[in-house]
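What the coordinates show
So the chains spell out like this:
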Amino acid sequence: MSASRHSGYVPQDIEPKWQKVWTDRGVMRADDNSSKPKFYDLVMYPYPSGDLTVGHARNYVMGDVLARMKRMQGFEVLHPFGWDAFGLPAENAAMKRGGIHPETWTIENIAKAKRELKMLGILYDWDREVTSCMPDYYRWTEWLFLLFYERGLAYRAMAPVNWCPVDKTVLANEQVINGRCWRHLDVEVEKRDLEQWFFKITDYADRLLDDLELLDKWPHKVRLMQTNWIGRSQGAEVEFPIVGLAGGESLRIYTTRPDTLFGATFMVLAPEHPLVERITTDKYRAKVREYVAKARKASDIDRLSTEREKSGVPTGAFALNPVNGEKIPIWVADYVLMTYGTGAIMAVPAHDERDFEFAERFGLPIREVIAPPTGSQRELRAAYVGPGVMVNSGEFDGLDSVAGTERVIAALEAKGQGKRAVKYRLRDWLISRQRYWGSPIPIVHCEVDGLVPVPMEQLPVLLPKEYKPLSENPDFWRTTCPKCGREARRETDTMDTFIDSSWYFLRYASPHDTTQPFDSELANHWMPVDQYTGGVEHAILHLLYSRFFVKVLHDAGMLEASEPFVRLFNQGMVKRFGQVMSKSAGNGVSPDELVDKQGADAGRIYEMFIGPPEEDVEWTDAGLNGVVRFLQRVWRLVLEPDSIVVEGGGADVVILNRKAAQTVKKVTEHYDELRFNTAVAALMELANTMQSHLQNGGARDADWNSAVRILVKLLNPLAPHMCEEMWERLGERSMLADSTWPEYDAAAAAEPEVTLVVQVAGKVRDRLTVPVGTSEEKALEVAMASDRVRAAFDGRKPSKVVYVPDRLINLVP
RNA sequence: GCGACCGUGGCGGAACUGGUAGACGCGCAGGACUUAGGAUCCUGUGGGGCAACCCGUGGGGGUUCGAGUCCCUCCGGUCGCACCA
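Attention in this report is confined to the structure presented alongside it.

Here is what the cut-offs are and how they apply
Residue positions within a chain follow its written sequence, with the count starting from 1. Chain letters and ligand numbers both follow the written order, the letters beginning at A and the numbers at 1. In keeping with the model being predicted, local features are shown solely for residues with a pLDDT of at least 70 and side-chain atom pairs are shown and tallied solely at 80 or more, while totals for entire chains, interfaces and linings include all residues. Each side-chain value is worked out from all heavy atoms of the structure, with water and hydrogens disregarded. Nearness here has a simple test: a residue counts as near a molecule or strand if at least one of its heavy atoms is within 4 Å of that partner. Pairs of N or O atoms within 3.5 Å make up the polar contacts considered here, provided that, within protein, one atom can donate a hydrogen while the other can accept it, and that residues adjacent in sequence are counted only when both atoms are side-chain atoms. Helical segments are the DSSP runs of H or I of at least four residues, strand segments are the runs of E of at least two, and each set is numbered from the N terminus. In this classification, the charged set is Asp, Glu, Lys and Arg, the nonpolar set is Ala, Val, Leu, Ile, Met, Phe, Trp, Tyr, Cys and Pro, and all remaining amino acids, among them Gly, are polar. Think of it this way: DSSP has to see at least two bridges between two strands before they count as a pair. We call two residues in contact whenever any of their non-hydrogen atoms come within 4.5 Å of each other. Axis angles are defined between N-to-C directions and span 0 to 180 degrees, where every axis is a line fitted to C-alpha atoms and, for a helix, only to the segment in contact. Stacked, edge-to-face and tilted labels apply to pairs of Phe, Tyr and Trp rings (six-membered ring for Trp) whose centres lie within 6.5 Å, assigned for plane angles under 30 degrees, over 60, and everything in between, in that order. Any residue under 20% of the maximum accessible area for its type is buried, any over 50% is exposed, and the rest in between are partly exposed; the area is computed with a 1.4 Å probe on protein chains only. In this analysis the charged atom, NZ for Lys or CZ for Arg, is taken to sit over a ring once it is within 6 Å of the ring centre and within 35 degrees of the ring normal. Note on terminology: a nonpolar core comprises buried Ala, Val, Leu, Ile, Met, Phe, Trp, Tyr and Cys residues joined through side-chain atoms within 4.5 Å. Every case where a carboxyl oxygen of Asp or Glu lies within 4 Å of a side-chain nitrogen of Lys or Arg is listed as a salt bridge.

1. A short note on the protein's contact with RNA strand B
- The local shell around RNA strand B holds 56 residues, among which Thr256, Lys310, Tyr340, Arg354 and Arg675 are the closest.
- Across the atoms of RNA strand B situated within 4 Å of the protein, the share located in sugar and phosphate is 67%.
- Within the side chain of lysine 800, an N or O atom sits 3.4 Å from a phosphate oxygen of RNA strand B.
- Counting residues per element, the surface near RNA strand B draws most heavily on helix H23 (residues 676–695), which supplies 8 residues.
- A per-class count over the surface near RNA strand B returns 21 nonpolar, 15 polar and 20 charged.

See below:
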């Protein structure tokens, strides 16, 4: 191989050697009893799909680089790994490859991926490996379910739910994307009325929202997405008495715009609203029933489309506006959703786009009650939704709409006609799945005792070996009631796999505990996760659920932390030929291929140098070559400096020292900020400086040796095999992995002279070298002495001088 | 439609709180060493001009001594939400 011809660097010879040493010595083993400060470095555990490419490996390399630096900096690093091993692909693969059991398929994939991770030199504390499909893990997933159940956070309810016809299971709201299944974006979900298990995440809506404030090291975007998903809105519930209904019953609506109450010209009920049947008059009954039936049948995709023209029918019933006693018609229309607010609205067409469209379509009156700052419009062409001054609103006329909102709410509350209310877009988390390959829900259905939790000491409820739906496996579901001993039936749904992943990061603290899901003391020691890295596709799903879990466990007194992840980072994806790299797409580069050709170290650096870590990047072989060249150059500089031809004299050792010191600062900061691409660039600059040093006849003295060691140490997190090998060949006794991170020497890094930019009227006219700390007077003097400045001023004095010390002087004529 | 982020050489990308635009790498051109080189090393490389100089960070405008960076507006792209009252 050509790499070996001009340098002794042959990655294939040294990489397996060091991987073995690291493993044998347990380099990345985390000590629970260490006195060092802890650092919990975590990458989202993957689904073992059997498809590991260098694309997926990129974020594992990021985690590894950080872990290796933090260790050298004196932290006790927890860098664990595990597998999100329950889930549908295993079942699908099992079906496709006739007869193979999901467990077999999963275990095989795990073994393969694990080997490839090791081959890339990525170090984990494998003693803490967690696999969510193993009984010693899902036992505690079940346990946690029961904890939620005890705390009133798990309940069963009949509800219209999302059903994926391909996966043949229900889905959580978070798993439905534009009315389609998150796993098959071409498959529309269906609505089914089913009795299902839910977790009461809505109880935590306020805290999940408010605590986002604490997550200042999360990407702004993710926080915003969660904010929108939770969707808290403030407004009022208002009672509209229904005309002629026995008992003086009223219609409760929710609005965020109480200030527009006088502009309500009709009411709208969702087709599913329970009052529809009762208030509809005989004359309209047939039409209303027909409309409701049609709406129920329509898919969410159709119903929620904003493009579709609004539809609806009148009920023949009327309501009274509580503030002015006006009698207004009640309609049924499917643009109002039963699942939000109260399932009924007051329609204010003048100030709501949807109501406006509906009113236009059906010729309903439109009354302006908020005058825009630009003045009232004679004829409303569109709804005005902004703030303004209240008009046509009786006693409230003339009030600013923002203040008016408060006044109207107060007036309603005083008369018992309404009250302040807060609503959320967030719904409870539907957690049951009609699948085999997941954690069983540890509940028994007893005819006498109803829902009975399986006693905790009887956990786990084991999955039967035989692969078929649990509901079709009587050996599984036939049981006796733990309470009364009568024959009973086990719950046959399994849990959403997002439950498994909502607590795995806690299990790493005490992975072998056989008495509890996690040891609180150890979890409190390691938590929260200091750095969490993973794909942005989990911005809501996994990250919201995990936050919810941690808050519940906190409330249960099991955990001090109330947020799981201090700093979150979303890495970009690796593409090749314009597509996301994957084995199935046929554009994947496997770790095997990469290690075989260029070696793990070159691959690791390339993954980091290829582009900003948060951006999607394109994998090219040419780019990889540049990195290989860099590593060979480093090898020669460190171990074969005699091979570098001296071309001239006059090397300045001070420059070498300074560059090395500056690089320590730069690279350390860049690693900390996960800006690996610029860290590599800084290391390349140092290597270039060192190369020039030798070419200029510079000595290989103590300063040189110091620079060499700095280079090797700083490069180590990126290219650990090669650096460890160089370290050994340099004659160092201890392992590089166990050595310390270079200290930043500010004095050595300081530049004695700086380039002072001389501008005339903001345009660069000259660059002068001056000592650091040059005074304004002195700077002005040398600047005015410059030929090019003199030409511009021709003896006159500048009318203004802007001086930025050690940077620039700007002379304005 | 609403919201967020982003537009920098032939390419990937640098540029801290406004202060030398283009670090580092790829590619390309010329050269050195070579039987040879797709190895290695050197030099050059935003555009225009022989030149001092002029023009340049999506377009236009503004603030400022000074704008890739701040403000307004338009164009283009990516992502999120999408009848949530």
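2. Comments concerning the pairing of strand S22 (residues 443–446)
- Relative to strand S23 (residues 450–453), S22 is paired through 4 bridges, and the arrangement is antiparallel. Following the sheet pairing, histidine 445 is matched in S23 by leucine 451.
- Joining the antiparallel neighbours S22 and S23 is a turn of 3 residues.
- Note: S22 against strand S25 (residues 487–490), 2 bridges, orientation antiparallel. Among the inter-strand pairings, histidine 445 is bridged to a residue of S25, identified as arginine 489.

3. A word on the sheet that holds strand S6 (residues 169–171)
- One open sheet accounts for 4 strands, arranged S6-S5-S10-S20; its pairing is antiparallel. Bordering the open sheet on either side are S6 and strand S20 (429–430), each of which pairs with just one other strand.
- In the sheet, strand S5 (residues 154–164) pairs with S6 via 3 bridges, with the strands oriented antiparallel. Its bridge partner being in S6, tryptophan 163 is matched across the sheet by valine 170.
- Relative to the sheet, helix H6 (residues 135–150) contacts S5 and strand S10 (190–199), its axis offset from that of S10 by approximately 90°.

4. Overview of the packing of aromatic side chains
- For the coordinates displayed, the defined rule picks out 45 aromatic pairs.
- Look at tyrosine 124 and tryptophan 126: their rings are 5.5 Å apart centre to centre, the planes differ by 85°, and that puts the pair in the edge-to-face class. The same class applies to tyrosine 124 as to tryptophan 126, namely buried.
- The positively charged end of arginine 489 is found above the aromatic ring belonging to tryptophan 477, 4.1 Å away from the centroid.

5. Considerations on the side chain of histidine 101
- By the secondary structure assignment, histidine 101 is in the loop between helix H4 (88–96) and helix H5 (102–119).
- Under the relative-accessibility criterion, histidine 101 is labelled buried at 18%.
- Excluding residues that lie within four positions of it along the chain, histidine 101 makes contacts with Ala94, Tyr436, Trp437, Lys465 and Tyr467.

6. As for the sheet that holds strand S13 (residues 266–269)
- Spatially, the 4 strands line up as an open sheet ordered S14-S15-S13-S16, and their pairing is mixed. Either end of the sheet is taken by a strand with one partner, and the two such strands are strand S14 (313–320) and strand S16 (344–347). Averaged over all pairs of adjacent strands, the angle between their axes in this sheet comes to 30°, without regard to strand direction.
- Strands in contact with helix H10 (residues 282–297) are S14 and strand S15 (327–332); relative to S14, the strand with the most contacts, it is inclined by about 110°.

7. What to know about the nonpolar core
- Counting 179 residues, the largest nonpolar core has Trp429 and Leu715 as the members making the most contacts within it.
- Counting residues in each nonpolar core, the second largest holds 48 residues, with Ala270, Val336, Ile345 and Met346 among its members.

8. Thoughts on the pattern of salt bridges
- For the structure on display, the rule yields 52 salt bridges.
- Between glutamate 129 and lysine 114 there is a salt bridge whose closest N-O contact spans 2.7 Å. Taken together, the residues span a long stretch of sequence, with glutamate 129 in the loop between H5 and strand S4 (130–131) and lysine 114 in helix H5 at a distance of 15 residues.
- The exposure class assigned to glutamate 129 is partly exposed, which follows from its relative accessible area of 22%.
- With a shortest N-O distance of 2.9 Å, aspartate 642 and arginine 700 are connected by a salt bridge. Here aspartate 642 is found in the loop between helix H21 (621–639) and helix H22 (653–672), whereas its partner arginine 700 is found in the loop between H23 and helix H24 (702–715), with 58 residues between them in sequence.
- Overall, the relative accessible area of 64% leaves aspartate 642 in the exposed class.

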